[in-house]
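# Chain and residue survey
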Amino acid sequence: MKLSKRLKHIEQMIDLGYSHIWDCCCDHGFLGASLLSKQVAKNIHFVDIVPELISNIEIKLQQFHLNSLTNWKVHCIDVAELPLEIYEGKQLVIIAGVGGDLMTRFINDIHQNHTNLNVDFLLCPVNRQFTVRQKLIDLNFSLKHEILVEDKQRFYEVILVSSVSDKNKSINPVGNDIWQSVTMKQADVVEKYLNKTLSYYRSIQQGKTSNVDHIISAYQAIVI
């Protein structure tokens, strides 16, 4: 299965050297299967809470990757309950395709359950990116890489972070590198995303359901 533009960019941000990669909320398992085929890590874990999805993924893995040099395992569990502690080596947790509020809970619970582990997170929330970034800041995570992707007229921030604090690699609540562009095409993407984000939070502001003045001010201060 051909990966979407969003999933391709997520895949491209994964460095070699991980012992375990967790493809969380994996849906149909396309990303994890691609990582498995390319032998990106020693072990690929497919995680979803929906039994039917995990069952179908396992059937396909047994059919096409039974003799793979890379080990694989499926887990029908809540992402917050990842059993990271029973595995050794460097681990990467990928969480994509879910909203920012749910992603924030996942990140917080995983970190609280494994405060002694050095874990990298590759994140791609579908909304409320500011909320996700603020949680990462609150947990003293450090930034490794971030990009902005447009896929089928939707915009996605892809954020790679470490659970290890590093004052020289602090996380900006609205992002930093994602607003930089070297081509006219990317500059157009950046401008459209900023306008869309401001429009979203201004609509919340008008509804007076929550105070987002500080968020709007932060985005208005961005220079592109």
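It should be noted that the structure appears before, not after, this text.
Note that this is a predicted model, so its numbers are computed, not measured.

Attention shifts here to the sheet that holds strand 6 (residues 142-151). Ordered in space as 3-2-1-4-5-7-6, the seven strands form an open sheet in which the pairing is mixed. On the outer flanks of this sheet lie strand 3 (71-75) and strand 6, each paired with one strand and no other. Averaged over neighbouring strand pairs, the angle between their axes works out to 15° when direction is ignored. As judged from the five bridges shared by strand 2 (residues 43-47) and strand 3, these two strands associate in the parallel manner.

Counting buried positions along strand 1 (residues 20-24) gives five out of five residues, so the element sits mostly inside the fold. Taken together, the five bridges between strand 1 and strand 2 define a ladder with parallel strand orientation. When the sheet's bridge partners are listed, Ile21 is paired in strand 2 with Ile44. Where strand 1 lies against strand 4 (residues 91-96), five bridges are found, and the strand directions are parallel.

Next up on the list: the pattern of salt bridges. According to the stated counting rule, one finds nine salt bridges in the structure shown. Put simply, Glu11 and Lys38 hold a salt bridge, and the shortest N to O gap is 2.8 Å. Taken as a pair, Glu11 in helix 1 (residues 5-12) and Lys38 in the loop between helix 2 (30-37) and strand 2 lie far apart in primary sequence, 27 residues in all. Accessibility expressed as a relative area gives 11% for Glu11, which makes it buried.

Counting 29 residues, the largest nonpolar core has Ile10, Ile14, Ile21, Ile94 and Leu122 as its most contacted members. Mapped by element, the contributors of at least two residues to this core are helix 1, helix 2, strand 2, helix 3 (51-64), strand 4, strand 5 (119-124), strand 6 and strand 7 (154-162). Beyond its immediate sequence surroundings of up to four residues, Ile94 is in contact with Ile10, Ile14, Ile21, Trp22, Asp23, Cys24, Leu31, Leu35 and Leu122. Core analysis: the second largest hydrophobic core is formed by 26 residues, Ala80, Val98, Ile110 and Phe141 among them.

Parameters at a glance
- Residues numbered from 1 in each chain as written.
- Predicted model: local features only at pLDDT ≥ 70, side-chain atom pairs only at ≥ 80, totals over all residues.
- Heavy atoms only, no water.
- Pairing = 2+ DSSP bridges.
- Helix = DSSP H or I, 4+ residues; strand = E, 2+ residues; numbered from the N terminus.
- Axes fitted to C-alpha atoms, helices over the stretch in contact; angles between N-to-C directions.
- Buried < 20%, exposed > 50% of the residue type's maximum accessible area, 1.4 Å probe, protein only.
- Salt bridge = Lys/Arg side-chain N within 4 Å of Asp/Glu carboxyl O.
- Core = buried A, V, L, I, M, F, W, Y, C linked by side-chain atoms within 4.5 Å.
- Contact = heavy atoms within 4.5 Å.

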